[in-house]
Amino acid sequence: MPRAAGAETTAQNRRIEVIAIFGPTASGKSAVAEAVADALGTEVVSADALQVYRGLPVLTNQPERPTRLVGIRPLDAQMTVGEYAPLAHAQIDALVDECGTAVVSGGTGLYLRAALAELAVPPRVGEEMLAETVRTVDEDRAAAHARLESLDPAAAAVIHPNDTQRLVRALSLAESGSSVVPLRDRLWATETRRTSLVVGLEIAAEVLERRIRTRAERMFAVGVVDEVRAALDAPLARTVEKTLGLREIAALPPGEALERIVVQTRRYAAYQQKWMRRIPNVVLLDGDREATEVAAEVLALARS
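Bear in mind that the values here come from a model prediction, so they are computed numbers and not experimental data.

About the thresholds
Residues numbered from 1 in each chain as written. Predicted model: local features only at pLDDT ≥ 70, side-chain atom pairs only at ≥ 80, totals over all residues. Heavy atoms only, no water. Helix = DSSP H or I, 4+ residues; strand = E, 2+ residues; numbered from the N terminus. Buried < 20%, exposed > 50% of the residue type's maximum accessible area, 1.4 Å probe, protein only. Contact = heavy atoms within 4.5 Å. Pairing = 2+ DSSP bridges. Axes fitted to C-alpha atoms, helices over the stretch in contact; angles between N-to-C directions. Parallel < 35°, antiparallel > 145°, perpendicular 65-115°, else oblique. Left-handed = near helix turned anticlockwise from the far one by under 90°. Core = buried A, V, L, I, M, F, W, Y, C linked by side-chain atoms within 4.5 Å. pLDDT = per-residue confidence, 0-100. Phe/Tyr/Trp six-rings, centres within 6.5 Å; stacked < 30°, edge-to-face > 60°. Expected span 1.5 Å × (residues − 1).

Turning next to the overall build of the chain. What the chain contains, in helices and strands, is 14 helices and six strands. Each principal axis of the C-alpha atoms in the chain carries an extent, and together these give about 55 × 45 × 35 Å. Among the 304 residues that make up the chain, the fraction classed as buried is 50%. Contacts in the chain between residues at least 24 apart in sequence constitute 75% of all its contacts with a sequence separation of at least 6.

What follows concerns the pairing of strand β5 (residues 196-202). Within β5, seven of the seven residues are buried, which leaves it mostly tucked inside the rest of the structure. Judged by which residues are buried, β5 turns out to be covered on both faces: Ser196, Val198, Gly200 and Glu202 on one side and Leu197, Val199 and Leu201 on the other are all buried. As defined by bridge partners, strand β2 (residues 18-22) adjoins β5 across five bridges and the pair is classed as parallel. When the sheet's bridge partners are listed, Ala20 is paired in β5 with Val198. In the sheet, β5 pairs with strand β6 (residues 283-286) via four bridges, with the strands oriented parallel. Residue pairing across strands places Glu202 opposite Asp286, the latter belonging to β6.

The contact between helix α9 (residues 205-221) and helix α13 (residues 254-277) brings their axes to 9 Å, and the two run at 140°. Put simply, α9 runs oblique to α13. In this structure, the crossing between α9 and α13 has a hand that is right-handed. Across from Leu208, Glu209, Ile212, Arg213, Ala216, Glu217 and Phe220 in α9, the residues of α13 making contact are Pro254, Ala257, Leu258, Glu259, Ile261, Val262, Thr265, Arg266, Ala269 and Gln273.

Relative to each other, helix α2 (residues 81-99) and helix α3 (residues 109-116) sit at 50°, their axes nearing to 8 Å. Between α2 and α3, the angle falls in the class oblique. Handedness of the α2/α3 crossing: right-handed. Of the residues in α3, those touching α2 at Val81, Tyr84, Ala85, Ala88, His89 and Ile92 are Leu110, Tyr111, Ala114 and Ala115.

Formed by 58 residues in total, the largest nonpolar core has its most connected members in Tyr84, Val104, Leu112, Val224 and Ile249. Mapped onto this core, the elements with two or more residues apiece are β2, α2, β4 (102-106), α3, α9, α10 (224-231), α12 (246-251) and α13. Those residues in contact with Ile249 that lie beyond four places of it in its chain are Leu59, Phe220, Val224, Val225, Val228, Ala257 and Ile261.

One non-glycine residue, Asn61, adopts positive backbone phi at about 55°. Secondary-structure assignment places Asn61 in the loop between β3 (44-46) and α2. What makes Asn61 partly exposed here is its relative accessible area of 32%. Of note in the backbone geometry, Asn281 takes a positive phi value of approximately 65° without being a glycine. Relative to the assigned elements, Asn281 resides in the loop between α13 and β6.

This prediction gives the chain a mean pLDDT of 90; 92% of its residues lie at or above 70. Below a pLDDT of 50 lies the segment residues 5-12, which in the model reaches ten contacts outside its immediate sequence neighbourhood of four places, other chains included.

Looking now at the packing of aromatic side chains. Applying the stated criterion to the full structure yields three aromatic pairs. Measuring from ring centre to ring centre gives 6.2 Å for Phe22 and Trp275, while their planes differ by 35°; the resulting arrangement is tilted. With Phe22 in strand β2 and Trp275 in helix α13, this residue pair connects regions lying 253 residues apart in the sequence. Both residues of the pair, Phe22 and Trp275, count as buried. Each ring, one from Tyr84 and one from Tyr111, has its centre 4.4 Å from the other, and the planes form 35°; the classification is tilted. Of this pair, Tyr84 sits in helix α2 while Tyr111 is found in helix α3, placing the two residues 27 residues apart along the sequence. Both residues of the pair, Tyr84 and Tyr111, belong to the buried class.

Let us now look at α9. In this model α9 runs 24 Å from its N-terminal to its C-terminal C-alpha over 17 residues, within 8% of the 24 Å that 1.5 Å per residue would give. Taken as a whole, α9 has its buried residues at Val207, Leu208, Ile212, Ala216, Met219 and Phe220. Residues of α9 that are buried make contact with α10, α12 and α13. Gly223, located one to two residues past α9, shows a positive phi value of around 105°.

Encoded structure:
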């Protein structure tokens, strides 16, 4: 039986316009989302910070079938959540208008919230300021975090010094007189732009780890090494440079790189699961089933 991991929904008697499927990497959320979309005669909108890029389809596990907001940016063009949000809103609105329902799928929590809600996204930092902050963080993360603490204690309290990407973002905003905290405070608000059902897929740790390893092995079998080498021949956006497995594949023998990727992916999946349980009104379902079976339960919830 599904269980809610948040407040009771206030939209029980309103038609569901958006069905969102969230879950850790390798949980099968894309397959479930596609099955739900097929049943409703609609399409899937991706809420994944790395699948927006074209050029690394294997490494970023892009779906094989056409999915909205997948592969829309070159690898050297930075994408921010502020730029993603209006694109997602436009795709969702178009699908609701055309098909009655939109399906959103992803494992990037911030992108999911940006797709479903109106977030007060901080302004984009200038390139010069951003480059200077990157240098500061690269030189001394501890000193950079101390600087953040002096400028924005609230942000420093929720960002670990080793989380370099978020540290760069928070410090560059702090130096510019803004903060990531207002955005963080909005992440867990219950309001959504359209009446939404948010489903989270739960997978037992041992099952998820097995799936993660199987997927990693498949990546190497279908040519991820050549894909990464080709990508590294050209400039990459900062977000792309942080893609899990990119540097490991480039620098290590395949067997060693695979093992490193499995460990890192397992850690990232644990983080996603914590994120998932904090989503307001999320309904948690057993994801260790056939995608069509999970999709049927999702559809029953949407219609109830």
